[in-house]
Amino acid sequence: QVQLVESGGGLVQAGGSLRLSCAASGRTFSDYAMGWFRQAPGKEREFVTTISRSGGVTYYADSVKGRFTISRDNAKNTVYLQMNSLKPEDTAVYYCAAAWGSTTTMRGGQSDYWGQGTQVTVSS
């Protein structure tokens, strides 16, 4: 089992920034591709971004490309999501995710493990 705990959500004005963190425990962190998904009220959960086990490869949804940056620190078992130029449509619960092996599973909208989620609210 992999346990994932997110932090860093909150309320921010449009154009502002937030940094989410996700601390992982339970298994070898570097064996897992990591990522972030989000779910807005009344909508299905959607893929946001994923990063490879080494951190050398990243993928982003078109809606966040150029504004969000995913990174990871394998020594700290932590993955980060830096969110800049936030828009009201970014308002959602953000979920950290872990998938064994490559990023393929997450790019397909799935994951092996999920965090409990952290709320991000962007006011206009």
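Treat the numbers as computed from the prediction; the structure is a model and nothing was measured.

This part takes up the packing of aromatic side chains. The tally for this structure, following the rule as stated, stands at three aromatic pairs. When the ring of phenylalanine 37 is compared with that of phenylalanine 47, the centres are 5.7 Å apart and the planes differ by 80°; the resulting orientation is edge-to-face. Residue phenylalanine 37 is found in strand β4 (residues 32–39), and its partner phenylalanine 47 is found in strand β5 (residues 46–51); the two are separated by 10 residues along the sequence. Both residues of the pair, phenylalanine 37 and phenylalanine 47, belong to the buried class. In this structure an aromatic cluster arises from ring pairing among Phe37, Phe47 and Trp114. Just above the ring of tyrosine 95 sits the side chain of arginine 45; from NZ or CZ to the centre is 5.1 Å. Across the ring face of tyrosine 59, the terminal group of arginine 107 is positioned such that the distance to the ring centre comes to 4.1 Å.

Overall, antiparallel pairing links the four strands, which are arranged β1-β3-β8-β7 in an open sheet. Both edges of this open sheet fall to β1 (3–7) and β7 (68–73), since each of them pairs with a single strand only. Here the average twist between neighbouring strands, direction ignored, is 15°. Across five bridges, the pairing between β1 and strand β3 (residues 18–25) is antiparallel. Its bridge partner lying in β3, leucine 4 is registered against alanine 24.

Right, let's talk about the environment of threonine 104 for a bit. Within the element layout of this structure, threonine 104 appears in helix α1 (residues 104–107). Looking at threonine 104, its side chain comes within polar contact range of the side chain of serine 102, at 3.1 Å.

Moving on, we come to empty space enclosed by the protein. Throughout the structure, instances matching the rule amount to one cavity of 30 Å³ or more. Considered as a void within the structure, the largest cavity measures approximately 50 Å³ in volume. For the lining of the largest cavity, the secondary structure elements donating two or more residues are β3 and β4. Looking at the lining of the largest cavity, its residues break down into seven nonpolar, two polar and one charged.

Attention now moves to the pattern of salt bridges. Using the criterion set out here, one finds four salt bridges in the structure. A salt bridge links glutamate 46 to arginine 38, with the shortest nitrogen-to-oxygen separation between them at 2.6 Å. Accessibility expressed as a relative area gives 35% for glutamate 46, which makes it partly exposed. Notably, a salt bridge pairs arginine 38 with aspartate 90, separated by 2.9 Å at the nearest N-O pair. With arginine 38 in strand β4 and aspartate 90 in the loop between β8 (78–83) and β9 (92–100), this residue pair connects regions lying 52 residues apart in the sequence. By sharing partners, the salt bridges in this structure join Arg38, Glu46, Arg67 and Asp90 into a single network.

Each value, and the rule that gives it
- Residues numbered from 1 in each chain as written.
- Predicted model: local features only at pLDDT ≥ 70, side-chain atom pairs only at ≥ 80, totals over all residues.
- Heavy atoms only, no water.
- Phe/Tyr/Trp six-rings, centres within 6.5 Å; stacked < 30°, edge-to-face > 60°.
- Helix = DSSP H or I, 4+ residues; strand = E, 2+ residues; numbered from the N terminus.
- Buried < 20%, exposed > 50% of the residue type's maximum accessible area, 1.4 Å probe, protein only.
- Lys NZ or Arg CZ within 6 Å of the ring centre and 35° of its normal.
- Pairing = 2+ DSSP bridges.
- Axes fitted to C-alpha atoms, helices over the stretch in contact; angles between N-to-C directions.
- Polar contact = N/O pair within 3.5 Å; in protein donor to acceptor, adjacent residues only side chain to side chain.
- 1 Å grid on protein atoms, 1.4 Å probe; cavity = no way out; pocket = protein on both sides within 12 Å on 5 of 7 lines; lining within 4 Å.
- Points joined across faces, edges and corners; volume = space filled by probe spheres on them.
- Nonpolar A, V, L, I, M, F, W, Y, C, P; charged D, E, K, R; others polar.
- Salt bridge = Lys/Arg side-chain N within 4 Å of Asp/Glu carboxyl O.

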